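Descriptive structure summary
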Amino acid sequence: MDWDRDRAVERTTQLLAHEDVALFEARSPDDQLVGVASVYLDILSVRFGRRASVEDLAVHPEWRSRGVGSGLLAAARAWAHEQGADYVFLESGLGRTEAHRFYLREGATHAAAAFRWTSR
């Protein structure tokens with residue numbers, strides 16, 4: 001799905017209305033937005049316990065490899081665990097190999113393949 005600013009603003013407003021969701025931002029020294037991450041308390045699984053999902057983890061290309069993504073991911077994970085999550089889940093597209101290397105460096109395990117059905 002392509003980026004749509006108006007849709008993003010609308011969904012961000014909706015997101016912030018829920019107490020089981022957190023949105024984190026990273027800003028440059030001159031107060032420019034350089035990264036975002038959202039995390040949602042998700043399902044309660046019989047097998048694994050309470051899950052939290054990290055979504056929308058994005059860092060501006062010029063700010064990658066500067067610790068921005070690590071900081072955002074750490075904040076999202078900490079919030080999830082403070083809210084009672086037993087584990088944190090992140091889904092990533094198959095072609096995003098550099099992002100996958102980053103997640104593995106951050107201590108993630110490649111635990112599953114994800115399948116999706118969309119309504120559009």
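This text goes with the structure placed above it.
If you're wondering where the values come from, they're calculated on a predicted model, not measured in any experiment.

**Points about the pattern of salt bridges**
This structure, assessed with the given rule, holds four salt bridges. Arg51 is paired through a salt bridge with Asp42; the nearest N and O atoms lie 2.8 Å apart. Assessed through its relative accessible area of 18%, Arg51 is described here as buried. With a shortest N-O distance of 2.8 Å, Arg116 and Glu91 are connected by a salt bridge. Taken together, the residues span a long stretch of sequence, with Arg116 in the segment after helix H3 (97–105) and Glu91 in the loop between strand E4 (87–90) and H3 at a distance of 25 residues. For Glu91, a relative accessible area of 35% corresponds to the partly exposed category. Look at the salt bridges and you will find they share partners, linking Glu25, Arg27 and Asp31 into a network.

**Here's the deal with the packing of aromatic side chains**
Under the defined criterion, the tally for this structure stands at two aromatic pairs. Taking the ring centre of Phe89 as reference, the NZ or CZ of Arg51 above it sits at 4.7 Å. The aromatic ring of Trp63 is capped on one face by Arg66, whose charged end is 4.2 Å from the ring centroid.

The rules we used
Counting of residues starts from 1 at the beginning of each chain's written sequence and follows it residue by residue. Local features are withheld for residues below a pLDDT of 70 in this predicted model, meaning they are given only at 70 or higher, and side-chain atom pairs are given and counted only at 80 or more; totals for whole chains, interfaces and linings count all residues. Calculation of side-chain values draws on the structure's entire complement of heavy atoms; hydrogens and water are dropped beforehand. One speaks of a salt bridge when a side-chain nitrogen belonging to Lys or Arg is within 4 Å of a carboxyl oxygen belonging to Asp or Glu. Any residue under 20% of the maximum accessible area for its type is buried, any over 50% is exposed, and the rest in between are partly exposed; the area is computed with a 1.4 Å probe on protein chains only. Secondary structure follows DSSP: runs of H or I at least 4 residues long count as helices, runs of E at least 2 residues long count as strands, and numbering of each begins at the N terminus. Centre distance within 6.5 Å is the pairing criterion for rings of Phe, Tyr and Trp, where only the six-membered ring of Trp is used; planes under 30 degrees apart are then read as stacked, over 60 as edge-to-face, and the remainder as tilted. Two conditions define a charge sitting above a ring: the NZ of Lys or the CZ of Arg must be within 6 Å of the ring centre, and it must be within 35 degrees of the ring normal.

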